[in-house]
Amino acid sequence: MSIVGGLIFCQDCGNLLDSSSSDAFIVCNQCGASLSTSALSNLQVQTHSSPTAFPSALRQKQSLVQGLQTQEQEEAAVIEEKCPNCGNEEMTFHTLQLRSADEGATVFYNCPRCAYKFSTNN
């Protein structure tokens, strides 16, 4: 018999065995092979999973935001807008449609000199 996780399979034919019976032997319905239930009495099941095996909704949103931030830095346009923090004459900007479609987009500004950020709703 072969055991994977909490499932027991027949070693001869690969059939999934019914381990819920209280009989002294587990018998394969497909080929008739049998296994003593005493062989399974001290069986311990151990499972391991990687941290990314079960992604959460928060983790997916975090990776989406991080992806947007790197993409925004590459695609940012330059505008002649004075930085309110350091007085630099040029700032980069990008827009996102955060509100409903019939309202204006939100413009995000970033100063390349001092990294000051602010946004406005159009």
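About the cut-offs
- Residues numbered from 1 in each chain as written.
- Predicted model: local features only at pLDDT ≥ 70, side-chain atom pairs only at ≥ 80, totals over all residues.
- Heavy atoms only, no water.
- Helix = DSSP H or I, 4+ residues; strand = E, 2+ residues; numbered from the N terminus.
- Buried < 20%, exposed > 50% of the residue type's maximum accessible area, 1.4 Å probe, protein only.
- Contact = heavy atoms within 4.5 Å.
- Pairing = 2+ DSSP bridges.
- Axes fitted to C-alpha atoms, helices over the stretch in contact; angles between N-to-C directions.
- Salt bridge = Lys/Arg side-chain N within 4 Å of Asp/Glu carboxyl O.
- Phe/Tyr/Trp six-rings, centres within 6.5 Å; stacked < 30°, edge-to-face > 60°.
- pLDDT = per-residue confidence, 0-100.
- Disulfide = S-S within 2.5 Å.

Right, let's get into the overall build of the protein chain. Each helix and strand counted, the protein chain has 1 helix and 8 strands in total. Buried residues in the protein chain amount to 14% of all 122 residues. Expressed as a percentage of contacts within the protein chain between residues at least 6 apart in sequence, the contacts between residues at least 24 apart total 17%.

This part takes up the sheet that holds strand β5 (residues 77-79). Strands sit in the order β5-β6-β7-β8 across an open sheet of 4 strands; the sheet is antiparallel. Looking at strand neighbours, the two that pair on one side only are β5 and β8 (117-121), the edges of this open sheet. Sheet twist, expressed as the average angle between the axes of neighbouring strands with direction ignored, equals 35 degrees. Two strands pair when backbone bridges link them, and strand β7 (residues 106-110) and β8 are joined in this way by 5 bridges, in the antiparallel orientation.

Okay, the pattern of salt bridges next. Pairing between side chains becomes possible if they bear opposite charge and their charged atoms approach one another. Summed over all chains, the structure comprises 1 salt bridge. Note that E103 and R99 form a salt bridge whose closest N and O atoms lie 3.3 Å from each other. Residue E103 is classed as partly exposed on the basis of its relative accessible area, which comes to 37%. The class of R99 is partly exposed, set by a relative accessible area of 31%.

Our focus in this paragraph is the packing of aromatic side chains. Taken as a whole, this structure holds 3 aromatic pairs when the rule is applied. With a centroid separation of 4.9 Å and an interplanar angle of 20 degrees, the aromatic rings of Y109 and F118 are classed as stacked. Y109 gets classed as buried once you look at its relative accessible area, which sits at 13%. The exposure class assigned to F118 is partly exposed, which follows from its relative accessible area of 21%. Ring-pair connections join several aromatic residues into one group, and the members of that group are F93, Y109, Y116 and F118.

To continue, consider the environment of T120. Residue placement: T120 occurs in strand β8. Assessed through its relative accessible area of 28%, T120 is described here as partly exposed. Through-space distance from the C-alpha of T120 to that of Y109 is 8.3 Å; in sequence the pair is 11 residues apart. For T120, the contacting residues outside a window of four places in its chain are A105, T106, V107 and Y109.

In this model, the protein chain carries a mean pLDDT of 77, and residues with pLDDT of at least 70 account for 75%. Put simply, strand β1 (residues 2-4) is where the protein chain has its lowest mean pLDDT, 56, and β7 is where it has its highest, 90.

Working definition of a disulfide: a covalent bond connecting the sulfur atoms of two cysteines. Per the counting criterion, the structure on display carries 0 disulfides. Residue C31 stays outside any disulfide, its sulfur separated by 3.5 Å from that of C10, the closest cysteine. Of all cysteine sulfurs, the one in C111 lies closest to C86, which takes part in no disulfide; the gap is 3.7 Å. For C86, a relative accessible area of 30% corresponds to the partly exposed category.

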